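Below are the chains, spelled out letter by letter.
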Amino acid sequence: MTTFSKIGSYPFLAEPFHCDFTNRLFMGHLGNHMLNAADFHSTDRGFGMKYLLGIHRAWVLSRLAIEMEEMPPMYARFHVETWVESAMRYFTSRNFAVVGEDGKPYGYGRSIWAMIDTETRQPTDIFAINDGSINQWIVTDKVCPIDKGGRVKMGEDAALVRSIETYYNDVDINGHINSVKYIEHVLDLWDMDWYRQHQIKRFEIAYVAEAHAGDRLSFYREQTGDNEFCIQIVKTEPDSTESIEVCRSKVTFL
C-alpha cells in the first residue's frame, strides 16, 4: 500500500509553446499546473475528481490568488507543491508553492474550493466524502507567505473594455467556462506594449456564478492603484439581455 505525505509535489516543465514572447511561462498555464497538482494530490488521497464524478460530485474553484517573484523561464523544470490548509463543511483552502529544481521559490498560490452536486449544481457537504477523510490531510505548519485573496471592490468608474463570445474550447469537464480561461481573457485586456514594460506580480480572481458556452462575456476594468487594476466580468446568456456577474479579478503589475 502506497503511503502519501500530506504535502504533494509534482514536476512540470515550462514548455516552449506554453511561454510568452518574454520566454516565460504564461500565467494561464501556471494556473493549469496548479489545478492539475490539486487534482493529483486529491486523487491520490481519495477525494479527487475521478472518484467524485462517479458519485455526482465535483470540486469547483471559488477563489485563486497567485503571487510570483518571477515566472519560470522556457525549459525550466520546476515543482508545484500543494497542501490543504483548512476544511469546512462547504469550502476548503488549498495552497501552492512553485519551486525550481534548485529549491528556489518562484512564487505561491492560495485557493478556495467548493464541492458541488453535479445534478443540482448546489454546494454539498465536503465531510460527507469518505467520512470526512480530508481532515487527515490538513497541514497547519507549512507557511504560504502571500496574502489571502480579499474582496475585489469596484466603483462606478469601471469601463467596458471588451466583450467576447464563448465556445467549445472555453468549457471544462464541469460543463462551465474553464476557470483558467477567465485568467487568460482578463490578461488579454492589456496589449503587447504593456507587457513589454510590465510583468504580473499578483493575480486574484473570485468566481461568483457559472457561465456556459454561448454566453457573451463583458469585461469592465477600473484602475485602483499604481499598476493595480480591478476587473468585473458579467455574462449575457443567449436570447437574454440581463447581465449577470460571474467573477471579479484584481491584477497587480511591476
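What you are looking at is a predicted structure, and each value in this text was computed from that prediction instead of being measured.

Parameters and conventions
Residues numbered from 1 in each chain as written. Predicted model: local features only at pLDDT ≥ 70, side-chain atom pairs only at ≥ 80, totals over all residues. Heavy atoms only, no water. Helix = DSSP H or I, 4+ residues; strand = E, 2+ residues; numbered from the N terminus. Buried < 20%, exposed > 50% of the residue type's maximum accessible area, 1.4 Å probe, protein only. Pairing = 2+ DSSP bridges. Patch = residues over 30% accessible without salt bridge, like charges linked within 9 Å, V, L, I, M, F, W, Y side chains within 5 Å. Areas by Shrake-Rupley, 256 points an atom, 1.4 Å probe, with all protein chains shown as cover. Salt bridge = Lys/Arg side-chain N within 4 Å of Asp/Glu carboxyl O. Polar contact = N/O pair within 3.5 Å; in protein donor to acceptor, adjacent residues only side chain to side chain. Axes fitted to C-alpha atoms, helices over the stretch in contact; angles between N-to-C directions. Contact = heavy atoms within 4.5 Å.

Asks: Before we move on, can you summarise unusual backbone geometry with the specific residues and values?
Replies: The backbone of Asn227 sits at a positive phi, close to 60 degrees, despite the residue not being glycine. Note that Asn227 resides in the loop between β8 (216–225) and β9 (228–236). Exposure remark for Asn227: the relative accessible area of 24% places this residue in the partly exposed category. We note that Asp239 has phi near 65 degrees; this positive angle belongs to a residue other than glycine. Mapping Asp239 onto the fold places it in the loop between β9 and β10 (243–253).

Asks: Which residues make up the pairing of strand β2 (residues 57–68), and what values go with them?
Replies: Two faces belong to every sheet, and in a regular strand the side chains alternate between them. For β2, the buried fraction is high: nine of the 12 residues fall into the buried class. As paired strands, β2 and strand β5 (residues 105–117) are joined by 11 bridges and run antiparallel to one another. Bridge pairing in β5 places Arg63 opposite Ile112. Both β2 and strand β7 (residues 200–207) contribute to a ladder of five bridges, which runs antiparallel.

Asks: Could you give an account of a nonpolar patch on the surface, with specific residues and numbers?
Replies: On the surface, Met88, Tyr90 and Phe91 cluster together to form a nonpolar patch covering roughly 280 Å² of accessible area. Checked against the element boundaries, Phe91 lands in strand β4 (residues 91–100).

Asks: Give a description of helix α3 (residues 179–187) that names residues and reports values.
Replies: Most of α3 is tucked away: seven of the nine residues are buried. Turning to α3, its buried residues number three or more, namely Ser179, Val180, Tyr182, Ile183, His185, Val186 and Leu187. The backbone nitrogen of Val180 lies 2.7 Å from a side-chain oxygen of the residue at the head of α3, namely Asn178.

Asks: Explain the sheet that holds strand β3 (residues 77–87) to me, and be specific about the residues and the numbers.
Replies: If you walk across this open sheet you meet the 10 strands as β1-β3-β4-β5-β2-β7-β10-β9-β8-β6, and the pairing is antiparallel. Lying at the two open borders of the sheet, with one neighbouring strand each, are β1 (8–13) and β6 (159–165). With direction set aside, neighbouring strand axes in the sheet form an average angle of 25 degrees. For β8 and β9, the ladder comprises nine bridges, and the chain directions are antiparallel. Looking at the pairing, Gly225 lines up with Glu228 of β9. Helix-sheet contacts for α3 involve β2, β6, β7, β8, β9 and β10, and the interaxial angle to β7 is about 130 degrees.

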